[in-house]
Amino acid sequence: MTTITSTSSSTPTANALSQQLQELQPLHMQLVNESMNHAGYFDGKESHFKLIMVSEAFTGKRLVARHQMVYHLADALLTSKGGQIHALAIHAYTPTEWQGQNPDSPLCAGQNKG
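Quantities reported herein were computed from a predicted structural model and do not represent experimental measurements. Starting from 1, residues in each chain are numbered consecutively following that chain's sequence as written. With the structure being a predicted model, the display of local features is reserved for residues of pLDDT at least 70 and the display and counting of side-chain atom pairs for 80 or more, all residues being used for whole-chain, interface and lining totals. Calculation of side-chain values draws on the structure's entire complement of heavy atoms; hydrogens and water are dropped beforehand.

Before going further, it helps to examine the overall build of the chain. The numbering of helices and of strands both runs from the N terminus, where a helix is a DSSP run of H or I of at least 4 residues and a strand a run of E of at least 2. For the chain, the count of helices and strands is two helices and four strands. Listing each helix as α and each strand as β along the chain from the N terminus yields β-α-β-β-α-β. Classification of the 114 residues of the chain by burial places 41% in the buried group. It only takes one pair of heavy atoms within 4.5 Å for two residues to be counted as in contact. Put simply, 65% of the contacts in the chain that link residues at least 6 apart link residues at least 24 apart. Throughout this description, buried means an accessible area under 20% of the type-specific maximum (1.4 Å probe, protein chains only), exposed means over 50%, and partly exposed covers the range between.

What follows covers the environment of Ala89. Counting through the fold element by element, Ala89 comes out in strand 4 (residues 87-93). Of the residues examined, Ala89 reaches a relative accessible area of 13% and is grouped as buried. Ala89 sits 14 residues away from Pro103 along the chain, and the two C-alpha atoms are 9.7 Å apart. Residues contacting Ala89, with those up to four places away along its chain left out, are Phe49, Lys50, Leu51, Ser105 and Pro106.

What follows covers the pairing of strand 2 (residues 28-33). Of all six residues in strand 2, six are buried; the element is thus mostly enclosed. Across the two faces of strand 2 the burial is the same, with His28, Gln30 and Val32 and Met29, Leu31 and Asn33 all buried. Any two strands with at least two DSSP-identified bridges between them are counted as paired. Here strand 2 runs beside strand 3 (residues 48-54); their pairing, made up of six bridges, is antiparallel. Opposite Gln30, over in strand 3, you have Ile52 as the bridge partner.

A few words on helix 2 (residues 63-74). Side chains that are three or four residues apart share a direction in an α-helix, a result of its 3.6 residues per turn. Over its twelve residues, helix 2 extends 17 Å from the first C-alpha to the last, a length consistent with the 16 Å expected when each residue adds 1.5 Å. When helix 2 is considered as a whole, its buried residues turn out to be Ala65, Arg66, Val70, Leu73 and Ala74. Buried residues belonging to helix 2 abut helix 1 (12-21), strand 3 and strand 4. Helix span, as expected, comes to 1.5 Å for every residue beyond the first.

Right, let's get into the nonpolar core. In this structure, Leu17, Leu21, Leu51, Met53, Val70, Ile85 and Leu88 are the most contacted members of the largest nonpolar core, which totals 19 residues. Within the residue set of this core, elements represented by two or more residues are helix 1, strand 2, strand 3, helix 2 and strand 4. Every residue in contact with Leu51, bar those within four places of it in the chain, is listed here: Leu21, Met29, Gln30, Leu31, Val70, Leu88, Ala89, Ile90 and His91. Residue types Ala, Val, Leu, Ile, Met, Phe, Trp, Tyr and Cys, when buried and joined through side-chain atoms within 4.5 Å, form a set referred to as a nonpolar core.

Those residues of helix 1 that fall on the buried side of the exposure criterion are Thr13, Ala14, Leu17, Ser18 and Leu21. Projected down its long axis, helix 1 carries its buried residues within an arc of 130 degrees, all on one side. Relative to its buried face, helix 1 has exposed residues pointing more than 90 degrees away, namely Pro12 and Gln19. The directions from the helix axis to the C-beta atoms form the arc being described.

Written out as structure tokens, the structure reads:
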């Protein structure tokens, strides 16, 4: 199951990221555009995301290795490579760890709104 949550109907960055992450064959994936919570937001901006993913591919992997797997697939979409994604909060679980968690994302250098 893949869910993309966005404030805009046009989500090319979220769609591209979701497509790339399919390589990990997620059993559950929720990708939330949190850009509206940050400074400089405008309608349709896709710069800050929260990813919750459950995959067998994470089995036996430490947390840092799971994050590396995700970052490897997201690489071309990151601002450091010319993409749009400035921040990606990753919550990666194995099926046995998954209990329906929905953790908050960390603050982004003090620039959160609210």
